[in-house]
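Each chain, letter by letter, is given below.
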Amino acid sequence: MSHAAANNKTETEAATNSSLKQSPPQPANSHDAKLLNGTLARTNGLTHAASAAVNSSSSGYGSSSAAGSGAGSGGATSSASSAAVGPGPPSTALPLPPSSNGLQMPYERFRADDSSYVPIGQFYAGRSVFITGGTGFMGKVLVEKLLRSCPDIRNIYLLIRPKRGQEVSARLTELLNAPLFESLRQEKPKELSKVIPISGDITSEELGISEKDQNLLCRNVSVVFHSAATVKFDEKLKLSVTINMLGTKRLVELCHRMLSLDALIHVSTAYCNCDRTDVSEVIYAPPYNPDDIISLINWLPEDILDQLTPRLIGKRPNTYTFTKALAEHMLLKEAGNLPVAIVRPSIVTASLNEPFAGWVDNFNGPTGLVSALAKGMFRTMMCEKNYVADMVPVDIVINLMIAAAWRTATRKSNNLLIYNCCTGQRNPIIWSEFVKHAMTSVRKHPLEGCLWYPTGDLRMNRPMNTLNCIAKHFLPAYILDGVARIMGKKPFVVNVQNKIAKAVECLEYFATRQWRFKDDNVHALLNTLSPKDREIFVFDVRHINWDKYVERYVLGFREFLFKQRPESLPASRKRMLRLYYLHQLTKLVAVLLTWRFLMSRSKRLNDLWSSFLENALKIARLIPFL
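Residues numbered from 1 in each chain as written. Predicted model: local features only at pLDDT ≥ 70, side-chain atom pairs only at ≥ 80, totals over all residues. Heavy atoms only, no water.

Take the overall build of the protein chain next. Along its length, the protein chain carries 22 helices and 15 strands. Taking all 626 residues of the protein chain together, 52% fall into the buried category. Relative to all contacts within the protein chain whose residues are 6 or more apart in sequence, the contacts with residues 24 or more apart total 84%. (Helix = DSSP H or I, 4+ residues; strand = E, 2+ residues; numbered from the N terminus. Buried < 20%, exposed > 50% of the residue type's maximum accessible area, 1.4 Å probe, protein only. Contact = heavy atoms within 4.5 Å.)

Structure representation (structure tokens):
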């Protein structure tokens, strides 16, 4: 930790009330907060008919306290296990009131004469923010954006887990030395001292935060961003529940104790309701009671859980989307009177503009596959080419999160708002166009050390895709590894192909299906911003130029993932030209060998070929006389 940050933390600790109560207030019971149009509706504010409808919709659940029947215990009764296996009510949401126009609360368009309007940057002035997942892909961009665009922010507390013997202060230093913060280090170095590490672990009781740091947070924090999650699609159910559900539950318990909390923003995923085709900005009833799933992971052995996982997740493709759906409903029940909003991004990809175009720090999602394509190692996958590829740049998501917190705090409401942060409705791009742009860009800005000329096809014929995968992925991989062994080098291509195949398997579900994510709340929120705030906190996806974006995306992962400088591009382009001619020559040789093989097996085909050559020769002889 820097000296300034340490002093800052000491000063805020001194201001903390040492007599702050440790136990959270008792949450409202199951009749105080119910599922209604994805909102947190209090029954004392509903009409009798609405209350009856809400009670009817939730009749499939047994009542449970906000503390969770299995969250802190190692066992459960047989009745709990019975409830855990039995599914809850169907995934439906109550219809929106006719007057709502598809929105969950009234939105007023920005008016220049509105003297009550508080600019977003001004709202964050003097406030302290707590962020979970701050060392992740989205968390880093969030920290950088808050420091750069909200210069009067007081402090940013980051929940950081000690890792591999590395203290949280060392991890924070490493984080702030990343290329992402380069402009801040040069232009506003003092802003970095506002970032204060909080040692903790999302998987531990009370988030692993010491009593002293809990008091510090409860006294000073007024905005919380919860982005910590496991995003591994093939994560074990136990760990996925622990991080995505129990972590959320423990954070909410901490938020209940915060003295001046104005907004809690929970980051979910648009695909948490991927078992539906049309997804509105509402919370749908989950297939199971979240508390029963928590009880289940507490008392069942992990090997039994692994066997039950396919049955539990049902139509969802993985534990990630399953636990994210349950976490939303649990948040709805546990939040009580907390000012909460949920942001659901679709597939999060490299930055559009901020802090600079194309920034990315991981190979997740499409990034890994486009990188493999750029290396010439990925050439075929199962994908419906005419379906929408709903991906959204990371800075778009972060700007929406910041604006959503501002809106939640400045317009108090009983409603729990959901924002589907997607591009499919306002500015769609289909998979074939995305691959076309990617193919053009990786050929224009090639990687160093490409193994082959980048080409590829999207298919919906599984046998044909499997055949091409064997012929174009694994057969060349085994040949190259064999050559490497002969030359005394370490083979690696087969291992890389296995990893690519695993990534493709995870993405295939989303590339062969299509969803319609409604984003009315996002659009309405955009209209409440002043023109200046719209320029600073850009989340209007209609402004994305996909051709230019994908080109910057490719340049981004070339620089930030493969660590290749722009100065190496001329040499890489020369190599790409050689690979192109080699690719064309290989195709010609393949065609000739195939033709030769067919002719040797068919006399009729041989006769036709001889007749064709004879006629072609006669025509060629006549050309001088024409």
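What follows covers helix H14 (residues 394–410). The end-to-end C-alpha distance of H14, which contains 17 residues, comes to 25 Å, matching closely the 24 Å that a straight helix rising 1.5 Å per residue would cover. Of all 17 residues in H14, 16 are buried; the element is thus mostly enclosed. (Expected span 1.5 Å × (residues − 1).)

Time to look at the sheet that holds strand S13 (residues 417–421). Sheet strands line up and pair through hydrogen bonds in the backbone, either parallel or antiparallel. The seven strands are arranged S5-S4-S3-S6-S7-S9-S13 in an open sheet whose pairing can be described as parallel. The open sheet has two free edges, formed respectively by strand S5 (195–199) and S13, since each of these has just one partner strand. Strand-to-strand twist of the sheet, defined as the mean angle between neighbouring strand axes without regard to direction, takes the value 20°. Taken together, the four bridges between strand S6 (residues 221–226) and strand S7 (residues 263–267) define a ladder with parallel strand orientation. Bridge pairing in S7 links His 226 to His 266. Against the sheet, helix H12 (residues 319–334) touches S7 and strand S9 (340–345), its axis set at about 160° to S7. (Pairing = 2+ DSSP bridges. Axes fitted to C-alpha atoms, helices over the stretch in contact; angles between N-to-C directions.)

Let us look at the pairing of S7. Two faces, one strand: in a regular strand the side chains alternate between the faces of the sheet. Taken across its five residues, S7 has five buried, putting it largely inside the fold. Covered by surrounding structure in S7 are Ala 263, Ile 265 and Val 267 together with Leu 264 and His 266, the residues of both alternating faces. Examined bridge by bridge, S7 and S9 share four bridges and lie parallel to one another. Note that in S9 the partner of Val 267 across the bridge is Val 343.

It is worth spelling out the packing of helix H21 (residues 569–601) against helix H22 (residues 603–622) at this point. Two elements in contact, H21 and H22, have axes separated by 5 Å at closest approach and are oriented at 120°. Where H21 approaches H22, its residues Trp 595, Leu 598, Met 599 and Arg 601 are matched on the opposing element by Lys 603, Leu 605, Asn 606 and Trp 609. Its residues placed into classes, the contact of H21 with H22 shows five nonpolar, one polar and two charged. (Nonpolar A, V, L, I, M, F, W, Y, C, P; charged D, E, K, R; others polar.)

Looking now at unusual backbone geometry. Here the residue pair Glu 354 and Pro 355 is connected by a cis peptide bond, since its omega of -10° sits within 30 degrees of zero. Mapped onto the secondary structure, Pro 355 falls in the loop between strand S10 (347–349) and helix H13 (366–374). One non-glycine residue with positive phi stands out, namely Leu 207, at about 60°. Within the fold, Leu 207 resides in the loop between S5 and helix H8 (211–220). According to the relative accessible area criterion, Leu 207 is buried, its value standing at 0%. Not every positive phi belongs to a glycine, and Lys 563 is a case in point at roughly 55°.

The next point concerns the pairing of S9. Of all the six residues making up S9, six are buried; the element is thus mostly covered by neighbouring parts of the structure. Both faces of S9 are covered, namely the face carrying Val 340, Ile 342 and Arg 344 and the face carrying Ala 341, Val 343 and Pro 345. Strand direction decides the pairing type here: S9 and S13, joined by five bridges, are parallel. Paired with Val 343 across the bridge in S13 is Tyr 419.

Mean pLDDT over the protein chain: 83, with 82% of residues reaching 70 or higher. Confidence drops under pLDDT 50 across residues 1–5; counting only partners more than four residues distant or on other chains, this segment forms 10 contacts. With pLDDT under 50 throughout, residues 9–105 is counted as low confidence; its partners more than four residues away or in other chains account for 179 contacts. (pLDDT = per-residue confidence, 0-100.)

As enumerated under the stated definition, the model contains 20 aromatic pairs in all. Look at Tyr 288 and Phe 322: their rings are 6.3 Å apart centre to centre, the planes differ by 75°, and that puts the pair in the edge-to-face class. Of this pair, Tyr 288 sits in the loop between strand S8 (278–279) and helix H10 (290–299) while Phe 322 sits in helix H12, and the two are 34 residues apart along the sequence. Since its relative accessible area comes to 0%, Phe 322 is described here as buried. Between the aromatic rings of Trp 515 and Phe 517, the centroid separation amounts to 6.4 Å while the plane-to-plane angle is 15°, which identifies the pairing as stacked. (Phe/Tyr/Trp six-rings, centres within 6.5 Å; stacked < 30°, edge-to-face > 60°.)

Okay, the environment of Gly 336 next. Within the fold, Gly 336 resides in the loop between H12 and S9. According to the relative accessible area criterion, Gly 336 is buried, its value standing at 10%. Measuring from C-alpha to C-alpha, the distance between Gly 336 and Val 252 comes to 9.5 Å, with 84 residues separating the pair along the chain.

According to the stated counting rule, one finds 23 salt bridges in the structure shown. Two residues, Asp 291 and Lys 249, come together in a salt bridge whose shortest N-O distance is 3.7 Å. Separated by 42 residues along the polypeptide, Asp 291 in helix H10 and Lys 249 in helix H9 (residues 237–256) bring together distant segments of the chain. Judged on exposure class, the residue Asp 291 and its partner Lys 249 are both buried. Here Glu 559 and Arg 565 are joined by a salt bridge, their closest N and O atoms 3.2 Å apart. (Salt bridge = Lys/Arg side-chain N within 4 Å of Asp/Glu carboxyl O.)

This part takes up the environment of Leu 296. With respect to the helices and strands, Leu 296 occurs in helix H10. The buried category is assigned to Leu 296, whose relative accessible area is 2%. When the C-alpha positions of Leu 296 and Lys 238 are compared, they lie 9.1 Å apart, and in sequence the two are 58 residues distant.

On to the environment of Ala 484, then. Mapped onto the elements, Ala 484 comes out in helix H16 (residues 462–486). Judged by relative accessible area, Ala 484 falls into the buried class, the value being 12%. In this structure, Ala 484 is in contact with Lys 489, Lys 490 and Pro 491, ignoring residues within four places of it in sequence.

What follows concerns the nonpolar core. Ranked by size, the top nonpolar core spans 113 residues in total, and within it Tyr 124, Leu 146, Phe 225, Met 401 and Phe 557 carry the most contacts. Element by element, the count of residues in this core is highest for H14, at 12 residues. The residues touching Leu 146, leaving out its near neighbours within four places in the chain, are Tyr 124, Val 129, Ile 131, Pro 151, Ile 153, Ile 156, Phe 225 and Ile 402. Counting residues in hydrophobic clusters, the runner-up holds 31 residues, among them Ile 196, Leu 217, Leu 264 and Ala 335. (Core = buried A, V, L, I, M, F, W, Y, C linked by side-chain atoms within 4.5 Å.)

What follows deals with the side chain of Thr 323. Within the fold, Thr 323 resides in helix H12. According to the relative accessible area criterion, Thr 323 is buried, its value standing at 0%.

Within the span of helix H6 (residues 168–176), buried status applies to Val 168, Arg 171, Leu 172, Leu 175 and Leu 176. Taken end-on, H6 shows its buried residues confined to a sector of 130°, consistent with a single buried face. Residues of H6 that are buried sit in contact with helix H5 (137–149), strand S4 (155–160), helix H7 (182–187) and S5. (Arc of directions from axis to C-beta.)

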